[in-house]
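Observations on the model geometry
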Amino acid sequence: MPPRRRKRYRYRLRRLTPVGVAVVIAGLVGAWIGSHQTATPIASAAPKARVPLVHAPPAPHAHHVKPVAPERLLVGGKLLAHRFEPKLAGAAAILVDAKTGRVLWGKHAHERRHVASTTKIMTALLALRKLRPHDIVTVDRTVPRVPLVREGLRAGERVEAWKLFYSLLLYSGNDDALALAIAAGGDKWTFIRSMNAEARKLGLRDTHFASPSGVVDVDNYSSAWDLAALTRVAMRNVRFREIVQTRIKHVKWSAPTYAKIYVNNNRLLSTYRGANGIKTGYTHKAGPCLVASATRGGVSLVAVVLDSSNMYADAKRLLDFGFASLQ
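Residues numbered from 1 in each chain as written. Predicted model: local features only at pLDDT ≥ 70, side-chain atom pairs only at ≥ 80, totals over all residues. Heavy atoms only, no water.

Moving on to the overall build of the protein. Of regular secondary structure, the protein possesses nine helices and nine strands. Scored against the burial criterion, the 327 residues of the protein give a buried share of 43%. Restricting to contacts in the protein with at least 6 residues of sequence separation, those with at least 24 account for 63%. Split by element, the accessible area of the protein, about 19100 Å² in all, is 58% carbon and sulfur. (Helix = DSSP H or I, 4+ residues; strand = E, 2+ residues; numbered from the N terminus. Buried < 20%, exposed > 50% of the residue type's maximum accessible area, 1.4 Å probe, protein only. Contact = heavy atoms within 4.5 Å. Areas by Shrake-Rupley, 256 points an atom, 1.4 Å probe, with all protein chains shown as cover.)

This part takes up the sheet that holds strand β2 (residues 103-107). Pairing within the open sheet is antiparallel, and its five strands lie in the order β2-β1-β9-β8-β7. Only two strands of the sheet have a single neighbouring strand rather than two, namely β2 and β7 (275-281). Within this sheet the neighbouring strands show an average axis-to-axis angle of 5 degrees, counted without direction. Relative to strand β9 (residues 299-306), strand β1 (residues 92-97) runs antiparallel, the two sharing six bridges. What sits directly across from valine 96, in β9, is valine 302. Packing against the sheet, helix α9 (residues 311-326) makes contact with β1, β2, β7, β8 (289-296) and β9, and its axis sits at approximately 150 degrees to β9. (Pairing = 2+ DSSP bridges. Axes fitted to C-alpha atoms, helices over the stretch in contact; angles between N-to-C directions.)

The element helix α3 (residues 161-171) is extensively covered by neighbouring structure, given that nine of its eleven residues are classed as buried. Looking only at α3, the buried set comprises Ala161, Lys163, Leu164, Phe165, Tyr166, Ser167, Leu168, Leu169 and Leu170. Positive phi shows up at serine 172, right after α3, with a value of about 70 degrees.

Examined bridge by bridge, strand β5 (residues 248-252) and strand β6 (residues 259-263) share five bridges and lie antiparallel to one another. The residue of β6 that forms the bridge with valine 251 is lysine 260. Hairpin remark: β5 followed by β6, antiparallel, with six residues in the connecting loop; positive phi at tyrosine 258, about 75 degrees.

Here aspartate 226 shows up in helix α6 (residues 224-234). Spatially, the C-alpha atoms of aspartate 226 and arginine 112 are 9.4 Å apart, while their sequence positions differ by 114 residues. A distance of 3.4 Å separates the side chain of aspartate 226 from the backbone nitrogen of arginine 205, its partner in a polar contact. Polar side-chain contacts of aspartate 226 include one of 2.8 Å to the backbone nitrogen of aspartate 206. (Polar contact = N/O pair within 3.5 Å; in protein donor to acceptor, adjacent residues only side chain to side chain.)

Below, the structure written as structure tokens:
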């Protein structure tokens, strides 16, 4: 390096040395101060605090939803004093004011008994909620094989629902009960489960169903009390009321049948003034059963007679007593 350039380089180095020393000293001082102060993060750059997932207990004044109690369909209490002479033939019976649900008279009203085709009151109630009058029901292949009584439905036959309902409640066809159960529930056992679920919902504590028809007695039972309560619910359905008060129904049918005539098994409709329903039943174990209803002078009554050798006479005497007491 030439002497003149070497002198100029030493001159610049002497001028820059104090500046470099000052920068180094400033850095060391800043580092010392920083290590002795609490860091204050910038708000916008600080990470957000994570809220712990804690489920706080409900406030003391919070309202809890209580399960809805079933409607009180029958009202017990003091019964009307009366002794039937001669005694009623039925093993169990009840008389109820249909409008208020007041129990007027009873005999072994809560006793669990086989109830035969009065089971079809529940079958009709549930199927009427699912099927419109002109819905087409295709008869399942299992339907023609049910035990008697049958109206003679054929597998694969397509029938309007309203025709099956008339046969169910007038003629009391067991094949109609199964056809409607499958159409309304998808299959027999699903429908039976819905029957028992509805019984629980209505508070029918002495009731259990094992078939949609009642033809099988095993594990199929109810009581006079429960049947009267169920009847109050069923009679609120306009279609049900219209069917059960019908004495005779003429129905057109497809070939080769062409026509059918359904005659109501309930003889009260033609022998008792004001009678407007509801259902008969019989099996060997259940005996003759009758759920009857009648209206006179603004008073509506329901009478249930189970296992009676003279069910129509029993029902008439119960209804006569009720009308005499309330009118």
